[in-house]
Structures are given as structure tokens and as C-alpha cells.
Amino acid sequence: MGKETLQQREERIRLHWQAEHVFEKSIENRKNRDSFVFYEGPPTANGLPHVGHALGRTVKDVVARYKTMQGFLVERKAGWDTHGLPVELGVEKQLAISGKQEIEAYGIEPFVQKCRESVFTYEKIWRSFTEQLGYWVDMDEPYVTLDNRYIESVWHILSKVHQDNLLYKGHRVSPYCPSCQTSLSSHEVAQGYKDVKDLSATVKFQCVDSNEIFLGWTTTPWTLPANVVLAMNPSLTYVKARLDGDIFIVAKSLALTVLGENATIVSEHKGTEFEGVAYKPPFDYVSVEHGHIVVMADYVTETSGTGVVHIAPAHGEDDYQTVKLNDLSFINIVDLQGCYTNEITDLAGRFVKDCDVDIIKLLAAKDLLFHKEKYDHSYPHCWRCDSPLLYYATDSWFIQMSALKEQLLANNATVTWYPDHIKEGRFGKFLENVVDWNISRNRYWGTPLNVWICTACGHEEAPESVAALEKLAQQPLPEDLHKPYIDNVLCHCPKCHETMQRTPEVIDVWFDSGSMPFAQHHYPFEQEEFQQQFPADVVIEGIDQTRGFFYSLLAVSALYKGQAPYKNVLSLGHVLDEHGQKMSKSKGNALDPIDLMNIYGADALRWALLVDSSPWNPKRFSTKIVQEAKSKLLDTLENTFNFYQLYTSIDQFIFDASQKGTPTLLDEWIMSRLHTTIAKVTISMDDYQFTQGCREIAKLMDDVSNWYVRRSRQRFWASGFSDDKRAAFNTLHTVLSEVCKLLAPFTPFIAEHIYMQMHNNASVHLQDYPAVTEAYINVVLEKEMATIVQIVELGRSIRNAKNLKVKQPLAEIIICSPENLSKYNTIIQDELNIKKVQWLYSTEAFVEKTLKLNFKTAGAAFGMQVNAVKSYVETMPVEEKNSLLCNGHLTVQLADEAVKLEQSHLLIESVVKDDYVLAEDGTLQVLLYTHLTKDLIAEGYVRDFIRYIQDQRKKLNYPIEQYIYLTIACSSEQQEMLQQFEALLRANILVMDIQFERALNNSSAFNYMFAQEELHFSMKLI
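The model shown is predicted, which means the values in this text are computed figures rather than measured ones.

Examining the overall build of the chain
Part 1: Each helix and strand counted, the chain has 35 helices and 39 strands in total.
Part 2: For 1022 residues, the compact-globule formula gives about 31 Å, and the C-alpha radius of gyration of the chain, at 40 Å, lies well above that figure.
Part 3: C-alpha extents for the chain along the principal axes are approximately 120 × 90 × 55 Å.
Part 4: Here the chain holds 1022 residues, and 54% of them are scored as buried.
Part 5: With 99 positive and 133 negative side-chain charges, the chain shows a spacing of 5 Å between the two charge centroids.

Okay, here's the thing in C-alpha cells:
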């Protein structure tokens, strides 16, 4: 049977979790403990998961697993967002129809049924993705927004909003999607802005009673046929200016920009002087009974345009209010599909946003176009279908969020945001400018708005429950509370006893999502679960949910409970491609998280998403990052465990905490590093600093593998079972066990895989998270060992620079350090293959510092004195030079004055004694003596020969604990050299006997260049 693949291993562990109910046990074990609550934002199962979902689900799982291991009860309920336009649009595409007219022709009931069927199109893929990622969440009993119980809870919330007189119907200008044919809320609009180029136009509006011309500016030429009025600011200064025989009226501050240098100012006026002046509209398609005059409006500015604004009341909130305030005519020339009505004879039936160029041409033909240009600006597009939005006056239901502004801000003040700048920035500013929530949608598939209106007296009822509706209803309620069934329910008016009909709209899908803290538990109809699960300790979603899920939760909770629904918000950055571009299937730069897991495993994907960069920041992501995550941490951990497992198998070692052996300084050091790391990781994780926590674990694992295990190999290789060897086994067992616990929330599969093998199939996920034992922490020891590692790295850098392999022994290393750490000499000698270590407090005897004036810095400092300073530096006494190098500065007495010489004024070079090479890092200096004697060269040959023999043993699959017979055919000089270092050979290759011959009659003999001459050798197991 072949070796288990990474994917097979993760699948095996998933099946083990399911069979043994490990997830359920992890919750059951904490039943009587304090709860830690997090809310799962519901994805839509009619779309496929992407890398952003992998990031969100990884972070959620890390938090939930960590808090569980800390002892909290963390219940995790999955959810599905099943309503709204994304579902409808998917069904329209499936049915090859488009728009409300075609939906109604198809039939609302069959269309709604198709919507219901479609919402779980990819549910199996989502479940598989979630399980493959290792995200533990209850998907067997999720909350589902289409469920009658969920809808009933939403109705209860809306009923309270209605009772509080915060739900009202109004005719207002709202953002409107002509493709979806419904209005949007302000927080939906905030999610869909795009930078676009549009045409702007400066238009001539001729005065009725004079030859003077107002110049009005608009960025939406398509609205000009709906012009009703011009607005000017009463407090701005305007001018009448002559240009090419015409008199134009514009804001004074904009005259030069608009009219150019050739215009002559005729007179200046306050805006109020033009109030009521009549003008001729640019188009006469529609009759306007009250309008085509100048009115005053404070919102008109002089930052752009002309200071004169064209007003079309159906297509802008300011426009609408201006016409309403001045009791002028309201006209609308655009239908619900965003096309001109039949009154606009030249353009009837065409989509208005496509007609800007046509409007410009029509103006030019009438000599009413003063100027046109491309205008770069950010324009709102539908977040669901990507169509450009129109501002459109319609009847809609609104929730008066503006009345709750101070409460929303106060509630937000109680929340901790990650990253913290969003609290007062992106989110806080949105709350500062909060507008009423356009809650209704003129669509089909959603939670029906539970408002019934009397056809006789206009009385409204908003039943708070199914039972309350049954009392009002004239007939039995349908089993399904959705449209069109609920539309057939008529009610008795309690005021006049006539018939009440339901208002036909469904609600904004974001209200569904914002209701989840209550509706997921069918609150208030069922109380117990909700009481334990509100408010959330943390909510975790992408930054695009700042004005989506995060706002909806806060808004609904403020309306219903008057408090924040969460204590902490984690707002995750976008996952971008390696060039910083948004991932998109159409661009071909999207990474499929399922593909990544199939290649590198879930642990590698999870670790890569967290260790690479903070999850709050936009994350440049690539396959290479996942690959590196696997090799740097996961492969290192697995190789270390394999090393441990190999030698425990050879020595039949069984861990016994009571038999500690005799720990060495190295054991004490790695245990100190372990507990220092536990302390740092706990601090990071308690503050949701996942990346910092990951990096601390990665540094520890690097120390375990590349320092502790490498430095301890001889202890594991030693024959017999000494107290030193037992200490090495015990220490590595303890460290690996604790590292598995540290990693369990981050990389749950490999942590489980290793821990189960070390602890008789016990699950790491049912353990407590590691706790710090202060007695193990030795700050001085860690600092000293860090210095030794630094010394070794400096020594290696010299070897690399001089092309001296580590197999080549060197005679001496000289270390200049603030403290003498000679007790670690053996480590330095072994790591750098050095015969002698010498510690000094100064390298004066080996290194001479030469000083030269740096004219770049000294010229500016000393001016005319610079040459005198140069001469002084060149002849400076040794005592003064040492004082300058030690203190960083020196006062120098020149002929005329004393000047202060700083090290920054100098170029300092180190001249090193022959055959010594210097490497420095801060206060640490390392000198390697690189001269090679005959004996050193010979030992280098032997060490390289040992490496070659060991390589061949591996290729032959010789058991590492087995001794061999070694036969060597070589020259007498080579034999003499090998015999000189026979003890070194025997210590490194487990050889029982070494035979020398003049020739080898062995077809399987190995050839090797030894001391510039070939030798031949063979080996066999005893």
C-alpha cells in the first residue's frame, strides 16, 4: 500500500471527525461554560465560493476553535441567504427571460417556485467546500431566510417598527435600477460605485423678458427634457458678462473658467436678484404648468459647473425637494424600465443613459449648447446586476433611520472594530450621514412586507405574528407566507370593518440579514436560545459588508432592541491577485479555493491566508504564497514529527512525564521558547491579531526544527537509553504536543494527524489551549541563545562570501561581544566547524578603523572650515579616534574655533588583519580565521566523504540504525589521510569495520573524488 497523500490524509481526518462526532463533542464538553457568540453572515447558495469566502471562513473557524479550546461554549449555526434579486436574476437567466413584464407573463407563482428551487443550487458544493476547509459550523440545522419561522420573526421586528411610527410610505426620489426595476437602499448604493466617464453639458437658458442667458450645468444631459426650474445660491455673487455679443449669467468665481479671458464683466449681482426670473426651457416635449423660473437653493455651490443648476424633480433628491418646497410642477419622462416615455418623441422607448450624445446633438441643433466635455466621476451601479442606477421618484416604504442617528452612533461607540479606523471612518461617517432606509422592493421573491391597508379608511395594520394575522384574516392563511399566496389574504379593518389588502412589496434582503440574531432562533416566539446568543462577541465578514451586513445588523438591532448586536467587528480586506488587481473569472486571474486545497491541502490555504499579511488589509494572493506556507511551516512540522517518530520507533520510546531524564541547557531553552510563544500567541489571539500569532508559532517551529532538533541529533542517535537521551525525547514530545495545540485552530488537519499519533488517538480539538507556565520561561537564556544563533549566522555569511563549505573545518573564530558566552562554545564549534573559539571585548588587535571625511555631510556642517577638519581627521591621535568611535562625537579644536565632529561626518572603514574576515551586526563582531592548513584541508576531504557515504546509504534505503562494513580501494596517501580521521568516520557513519584494499572487484562499488584523486568503496549491512 502506497504512502497516504496529503489529500487522502485530510479526507481521512474529516471522516474521523464525522464518525466520532468530534465537533459535537467539542461543544458538548463546554455545555456548562460561558458562551462565546459569533454570528455567521449568510452566503447565497446560488453562487460558487471564492477565495474571499475561504478567508472569511478560515478566520471564523480560527476564532471559534481558539475560543472553544480556551474553555468557552461556542455554538456555530450556519445560515443561508435565500431571498432577493440575486436569486431572481439567476432564475431569469435560467428561463431566458428579462424584466418584470416577462416574469409576470411567465407567471409569478411558477417564477417564485423556480426561485425557491434555485437557492440551493450549489448547496452541496458549499457544504463540501466548508468541510474540506475544515470550517466547523452546524450545516445540518442552519437558519434559512425563506423559512416561515424566520419570516415570522422578521414580521415581529417590522411590526414593532410600525408601532413606533418609524415605518412610513413616501413618494421620494430613490436610487433605482432600471434593469431590476426596483429601488435600492442607501447602503446598497454604497456598495456599487464605479469610476466612469460621462458627458457633461453647459446649456443656454434664454430669459423670457430679456436677451440675457443663464448658463446651466448638468452631468446628466438625459434629464434636460424634464427640466422644471433653475436653482441659484442666494448668497453667491453672480455676474452678467458679455461674450461674442451675448450676455451670460454665471457665478463670479467661475466666470473665467466658463467664459474664458475674452468675456467682459458687465455687472455683479447677488443670487437673490434673479429669484423668479422666467426662462425658456431647452425642450418643449412636456407642458410645465408651474415652473421654468429661477429659485434659490443653498446646496448650489461654486466648486464646479456654473453656479446655476438645472432641476429635474423626478431624478434627484435635491431636485424633488426644491420643486416641492416652491410648489412647482412635478414631471417624470422616464418609465420603470429606464426608457423615455412616448412624450419624448425624438427618443421615445430608448434607455435614457444611452441618450446623452443624442441630447447634446439636439441642443447643438437649437444653438443651445454652450459647452460639452467628458466628465470623470464615481457613479452608482447596481450591486446585483451591474447596471447604472437612475435617481427616480417612486412610492416606497421607508424606515426612519434618520431619527435613530444618535442612537446608532452611541451603539457603535460600544463596539471594537478591527481595523479600528473603520469605526470612526468608513462606518462612522456613514452613520453620521444616515438616511431613511428604503425598505420595500417592487419584486417577487422575498419576505413580504407585513402591512395591510384598508381600502376604505386607509388604516394600516402590521401583524406581529402569524397568529395575529389569522385573527384579522378573512380566510385561512396559506402554508407558504411568500408571494403570490400571501397577496390573496384579505383582512377585516378593525376601524371601519371594511376590507384590508396587503401592500404588494417585498422587503430589502438586507433587512432579512440584519434580523438574523433574532430570526435564526425564531425570537420572540422561542426565547431560550436567543437569550444565550445575544449580543455576539464577534462578527466577521469582508470589508464590503461595512454598509451591508454590519450596518443591517446594527440598524435592525437599534430598531428592535435599542442596543448594538455585537461587541467586536472584524472587517476583512479583499483578496486580490498577485498584482493587486481584483480577482475575476472574466479576467482569468481568479483562484479557485477548492483547486488550491486539492493541490496543497486545506491547512496550507488557511495558513497562507493568515500568515502572509494582516486579514484587515487588501491581500495580494497567489499560488506561490500557498506553496510557501506549506513548505515553510507544514513540511517543517511534519519532517520534525517524522524524525521524532523514527527514533521513538527505533528505541521503543513511550512518553512518561514522571521520567524527565536529565535536561540540558538546550532543553531548557526550547521549553522557554515554547512558553514565551504561548504567552505571545495568547495575547495576539485575544486581540484578534491572527497574523502576529501565526508568525510567533512559525518562529518557534523554525527554532524547533533548525536549532533544537539539529543541535540534538547526536542525543537521539546515541546508543542505549541514557538520561540525556530520555530528556531529549521527553522535551521533543512535549514541544510537538504543545505546538499541535497552538496550531489546532489554524491548521486543524496536521495538528490532529500528529497529536492523535502521539496521544493514543485523542483529538487535539478536545484539548485546552496551551497555558503559560512562567517557571519555564528564562528570558536570559533565550537572549543568550539568540546571540549564539546570530554569531552562527554571521559565521555562515563569511563562509558563503569566501566560498568555504561548512564541511571544511577552520582554525579559529574570534567573537567581540558585550558579554562572554563561552559556555556555548561547543554549539558554535559544531555549527561552524571551528577548532577554537576566542571571546574578546575588543577587536583592536585584528581590526583597524580608518576615518575619512564625508564631504557630503561635513561640507554642510563646517563650511569654510571643512579642509581644516579634513586635515585634523587625517592626523587624529589614536586616543581621540577611539573616543569618537566609542561616543559617536568629538569636540575638535581648530586654529580659530572648536567644532563638534559627529560620526555622520565621517566614512569609517574596517581594515582586517591578513587571513581574518570580519562580519558585524550591531554590537556583535565576528572574525573568522580563513587560512587553511594541510590538516584542515584533509579533514574537509574526510567530512565531505562522510556526507557522500551517508547519501548513498539513503539511496540504498539502509536502516539508519544499522551498522555497515566499509571497504575502500585507494592510494596509500588517501589511506593515510582517512586513517588519520578514522574516529571521525566511525562517529558519523555507524561503521563496524573499515578495510583498505588496492583494488575492488565489485560491480556495485562507488567512485568518489577524494583529495583530487578517485577512490572506490563498497559497503554492506552487517
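Alright, that's what it looks like, and here's the rest.
Things to note about the sheet that holds strand β16 (residues 416-418)
Part 1: Sheet architecture is open: four strands sit in the order β1-β24-β25-β16, paired in parallel fashion. The outermost strands of the open sheet, each flanked by one partner alone, are β1 (38-39) and β16.
Part 2: With six bridges joining them, strand β24 (residues 536-542) and strand β25 (residues 566-572) adopt parallel strand pairing. Each residue of the ladder has a partner; that of Val538, found in β25, is Asn568.

Some points on the pattern of salt bridges
Part 1: As enumerated under the stated definition, the model contains 51 salt bridges in all.
Part 2: Measuring nitrogen to oxygen at the nearest pair gives 3.4 Å for the salt bridge that ties Asp508 to Arg441. Placement of Asp508 in the loop between β23 (506-507) and α17 (509-514) and of Arg441 in strand β18 (residues 440-441) is noted, with a sequence separation of 67 residues between them.
Part 3: The class for Arg441 is buried, based on a relative accessible area of 3%.
Part 4: Through salt bridges with shared partners, one network takes in Arg710, Arg711, Arg796, Asp830 and Glu831.

Describing the packing of aromatic side chains
Part 1: All told, the structure shown has 52 aromatic pairs when counted by the stated rule.
Part 2: Ring plane angle 90° and centroid distance 5.9 Å describe the contact between Trp607 and Phe746, whose orientation is recorded as edge-to-face. Here Trp607 is found in helix α22 (residues 602-611), whereas its partner Phe746 is found in the loop between α26 (723-743) and α27 (748-758), with 139 residues between them in sequence. We note that Trp607, like Phe746, is buried.
Part 3: Ring-pair connections join several aromatic residues into one group, and the members of that group are Phe643, Tyr644, Tyr647, Phe653, Phe716, Phe721 and Phe729.
Part 4: In this arrangement the basic side chain of Lys561 is found over the ring face of Tyr560, its NZ or CZ atom lying 5.6 Å from the centre.

Some words on the packing of helix α30 (residues 855-862) against helix α31 (residues 866-874)
Part 1: Where α30 contacts α31, the two axes come as close as 9 Å, and the packing angle between them is 125°. On the basis of their axis angle, the class for α30 and α31 is oblique. Residue-level inspection shows Phe855, Ala858, Gly859 and Phe862 of α30 in contact with α31, the latter providing Val866, Asn867, Val869 and Lys870.

With respect to the sheet that holds strand β37 (residues 991-997)
Part 1: What the four strands build is an open sheet, ordered β37-β36-β39-β38; its pairing is mixed. Single-partner strands in this sheet number two, and they are β37 and β38 (1006-1010). Shown here is a sheet whose adjacent strand axes are inclined to one another by a mean of 30°, direction ignored.
Part 2: Relative to strand β39 (residues 1013-1021), strand β36 (residues 964-969) is paired through six bridges, and the arrangement is antiparallel.

What to know about the environment of Glu11
Part 1: Relative to the assigned elements, Glu11 resides in helix α1 (residues 6-20).
Part 2: By relative accessible area, Glu11 is classed as partly exposed at 34%.
Part 3: Sequence spacing of Glu11 and Gly601 is 590 residues, and the spatial spacing of their C-alpha atoms is 10.0 Å.

Thoughts on a nonpolar patch on the surface
Part 1: Side chains of Tyr963, Tyr965, Met992 and Ile1022 sit close together on the surface and give an oily, nonpolar patch of about 370 Å² of accessible area.
Part 2: In this structure, Ile1022 sits in the segment after β39.

Thoughts on helix α33 (residues 934-955)
Part 1: Taking 1.5 Å of rise per residue, 22 residues should cover 32 Å, and α33 covers 32 Å from first to last C-alpha, within 8% of that figure.
Part 2: Of the residues trailing α33, Asn957 is marked for its positive phi of about 60°.

Overview of the environment of Lys741
Part 1: Relative to the assigned elements, Lys741 resides in helix α26.
Part 2: Residue Lys741 is classed as buried on the basis of its relative accessible area of 15%.

Remarks on the nonpolar core
Part 1: In this structure, Phe621, Phe690 and Ile813 are the most contacted members of the largest nonpolar core, which totals 133 residues.
Part 2: The contacts of Ile813, once residues within four sequence positions are left out, are Ile791, Ile828, Leu832, Ile834, Lys836, Val837, Gln838, Val926, Leu927 and Leu928.
Part 3: Counting 62 residues, the second-largest nonpolar core is a separate cluster that includes Trp222, Ala255, Val352 and Leu369.

The rules behind each value
Residues numbered from 1 in each chain as written. Predicted model: local features only at pLDDT ≥ 70, side-chain atom pairs only at ≥ 80, totals over all residues. Heavy atoms only, no water. Helix = DSSP H or I, 4+ residues; strand = E, 2+ residues; numbered from the N terminus. Rg over C-alpha atoms; globule rule 2.2 N^0.38 Å. Buried < 20%, exposed > 50% of the residue type's maximum accessible area, 1.4 Å probe, protein only. Lys, Arg positive; Asp, Glu negative; His and termini not counted. Charge placed at Lys NZ, Arg CZ, Asp CG, Glu CD. Pairing = 2+ DSSP bridges. Salt bridge = Lys/Arg side-chain N within 4 Å of Asp/Glu carboxyl O. Phe/Tyr/Trp six-rings, centres within 6.5 Å; stacked < 30°, edge-to-face > 60°. Lys NZ or Arg CZ within 6 Å of the ring centre and 35° of its normal. Axes fitted to C-alpha atoms, helices over the stretch in contact; angles between N-to-C directions. Parallel < 35°, antiparallel > 145°, perpendicular 65-115°, else oblique. Contact = heavy atoms within 4.5 Å. Patch = residues over 30% accessible without salt bridge, like charges linked within 9 Å, V, L, I, M, F, W, Y side chains within 5 Å. Areas by Shrake-Rupley, 256 points an atom, 1.4 Å probe, with all protein chains shown as cover. Expected span 1.5 Å × (residues − 1). Core = buried A, V, L, I, M, F, W, Y, C linked by side-chain atoms within 4.5 Å.

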